[in-house]
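Per-entry structural report
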Protein chains: 2
Amino acid sequence: MRKLDPVKHEKKRQEILGAAMRCFLRSGLKGASTAEICAEAGISPGHLYHYFDTRDAIVAALIEGRLEKVTEQLKAGIQGARSIVETLAPELEGQPGGAAAMALIFDMMAESKRNPEMGKIVNSHNRGIREILVEMLRYGQSRGEVEAKLDLEVAATTIMALMHGAKVVAMQNPKEAGKAMPVLRQLLVHLLMTPMESAGAEPPRAKKTVARARS
Amino acid sequence: MRKLDPVKHEKKRQEILGAAMRCFLRSGLKGASTAEICAEAGISPGHLYHYFDTRDAIVAALIEGRLEKVTEQLKAGIQGARSIVETLAPELEGQPGGAAAMALIFDMMAESKRNPEMGKIVNSHNRGIREILVEMLRYGQSRGEVEAKLDLEVAATTIMALMHGAKVVAMQNPKEAGKAMPVLRQLLVHLLMTPMESAGAEPPRAKKTVARARS
DNA sequence: CAGTTGATAGACCGATTACTCCAGTTTAAA
DNA sequence: TTTAAACTGGAGTAATCGGTCTATCAACTG
């Protein structure tokens, strides 16, 4: 008999995934066809299905891989000796891959809302990232870098919002976004160091509170 | 001879656009086929092309319409007597249409990076929205609601980042996002009322300014 | 070497794609 | 009423889609 080499198999798999990523970056998550992927990978159409059951399986593997990468980067950041702000600041800036990479991320997010299978993957990793952020914040509290009374869960969600928002403007208008980055960073600092009441403290739903800070 | 009725024609056009929007919400910007749109609109496939040259023309018209709507809403907000924070707060919350509407927005943003034609449309309207924000901020300065030294262009970009970020988390995790909303709102207040030097001036890197208002 | 099995290619499939063509109907000006 | 343009429906287009099938090749085992 003959035994298959799982290492080689996995290597080829990753090779195809790399080609697929290039195609998705170029043509979008729905725009890249299996034919395009095969051409980029230099394999025949039939051969593709020796490594992936369906086209969706490729997409799923790719999303999973990308999110794992982000998770690892954050984890590496938390272990480094840098402050939280320093760790998160790069995330506030543009994606390394540029606009195409961000466009692909938006494709993924949109897709995760329509394809339940990928929704599960994305949600799971989102939870993972938030947990890492919470851990990071907790560590920050122990160092006095983060306000002790801060609701870490809510803060983590807010930080994710800041990161995503930064990505959007970085994609749409890199020039202006560059200037806005330091401001976002200051907002992050403010968030970490200010005792905020996340909920409950807005019963004064005054409709007439128009003129506020007229000091 | 006979002349065509431009009013009736336009009405039917809008009708088809409405059907197309429902399809795009359901199946995504690339996922909805012309056949699906025709079925939803109750017309024959051939008939569709009496009103639109190509499928992309439908998408373009739809993007344009949606962005115009957002622009109008913001403009309406600025003319109302409410404060800036009150005007922008709804934008920080979820989209009325829910997750599907947000997913579609992400589709549009991603598409605008790949299709230059739509990139032009989206960029143009983004500029418009930022101008409205700047105008709003300037008015806020005249009322003392906004710090006088604030760089309005940069602030507007930052606000757009906050709004987009809020949309993302609202889509991915509506529950947590609801709790994070008041925090984002506080960040917005902080942004408007704090004299921020967008660049260069961040040497007061006070690391020990943790305890502030403990009242 | 023989035999088995993974690796690979490419023809091929029905379904679907955006889109076209044309014939029939309606409409209103001439 | 005549007539021609506008409206409408739906069959039909070539191309492409994701995916299957089979045949050949290559490599390892006995």
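Residues numbered from 1 in each chain as written. Chains lettered and ligands numbered in written order. Predicted model: local features only at pLDDT ≥ 70, side-chain atom pairs only at ≥ 80, totals over all residues. Heavy atoms only, no water.

If you walk through the whole model with that rule in mind, you get six cavities of 30 Å³ or more. Each pocket or cavity is described by its volume, and for the largest cavity that value is around 160 Å³. What lines the largest cavity is a set of 17 residues, and nearest its centre among them are L29(A), K30(A), D107(A), K30(B) and D107(B). Residue assignment for the lining of the largest cavity shows that the elements contributing at least two residues are α6 (99-114) of chain A together with α6 (99-114) of chain B. (1 Å grid on protein atoms, 1.4 Å probe; cavity = no way out; pocket = protein on both sides within 12 Å on 5 of 7 lines; lining within 4 Å. Points joined across faces, edges and corners; volume = space filled by probe spheres on them. Helix = DSSP H or I, 4+ residues; strand = E, 2+ residues; numbered from the N terminus.)

This part is about the interface of chain A and chain B. In this assembly, 63 residues from chain A lie in contact with 65 residues from chain B. Summed over both sides, the interface of chain A with chain B buries roughly 5300 Å², with 61% coming from carbon and sulfur. It is R114(A), Q172(A) and L187(A) in chain A that bury the most area against chain B; as a group they hold 12% of the surface buried on that side. At the boundary of chain A and chain B, one finds two salt bridges. Note that D107(B) is salt-bridged to R114(A), the shortest N-O span being 2.8 Å. At the junction of chain A and chain B, the tally comes to nine residue pairs in polar contact (both at pLDDT 80 or more). Those elements that provide at least two residues to the side of chain A that touches chain B are α1 (6-27), α6, α7 (116-142), α8 (152-172) and α9 (174-193) of chain A. Top contributing element to the side of chain A that touches chain B by residue count: α8(A), with 14 residues. (Contact = heavy atoms within 4.5 Å. Buried area = accessible area lost by both parts, 1.4 Å probe. Salt bridge = Lys/Arg side-chain N within 4 Å of Asp/Glu carboxyl O. Polar contact = N/O pair within 3.5 Å; in protein donor to acceptor, adjacent residues only side chain to side chain.)

Further remarks concern the pattern of salt bridges. Residue and element names in this part refer to chain B. All chains considered together, the criterion is met by 22 salt bridges over all chains. Residue E86 pairs with R185 through a salt bridge whose shortest N-O separation is 2.6 Å. Of this pair, E86 sits in helix α5 (residues 84-92) while R185 sits in helix α9 (residues 174-193), placing them 99 residues apart in sequence. Overall, R185 belongs to the partly exposed group, its relative accessible area being 25%. (Buried < 20%, exposed > 50% of the residue type's maximum accessible area, 1.4 Å probe, protein only.)

This part takes up helix α2 (residues 34-41) of chain A. Residue and element names in this part refer to chain A. Those residues of α2 that sit buried are E36, I37 and C38. Structurally, α2 contributes buried residues whose contacts are with α1 and α3 (45-48). A positive phi of about 70° marks G42, the residue just after α2.

All names here are of chain B. Running from N to C, helix α7 (residues 116-142) and helix α8 (residues 152-172) point in directions that differ by 120°, and their axes come no closer than 9 Å. At the point where α7 passes α8, the crossing takes the right-handed sense. Facing α7, whose interface residues are N126, I129, R130, L133, V134, L137, R138 and Q141, α8 presents L152, E153, A155, A156, T157, I159 and M160. Along the lines of polarity and charge, the residues of the contact of α7 with α8 split into nine nonpolar, three polar and three charged. (Axes fitted to C-alpha atoms, helices over the stretch in contact; angles between N-to-C directions. Left-handed = near helix turned anticlockwise from the far one by under 90°. Nonpolar A, V, L, I, M, F, W, Y, C, P; charged D, E, K, R; others polar.)

Screw-axis analysis of chain A against chain B gives a translation of 0.0 Å along the axis, an RMSD of 0.2 Å, and a rotation angle of 179°. The superposition of one copy onto the other is thereby described by a two-fold rotation axis. Of every C-alpha in chain A, the one belonging to G165(A) sits nearest the axis of rotation, 1.9 Å from it. (Least-squares fit on C-alpha atoms with pLDDT ≥ 70 in both.)

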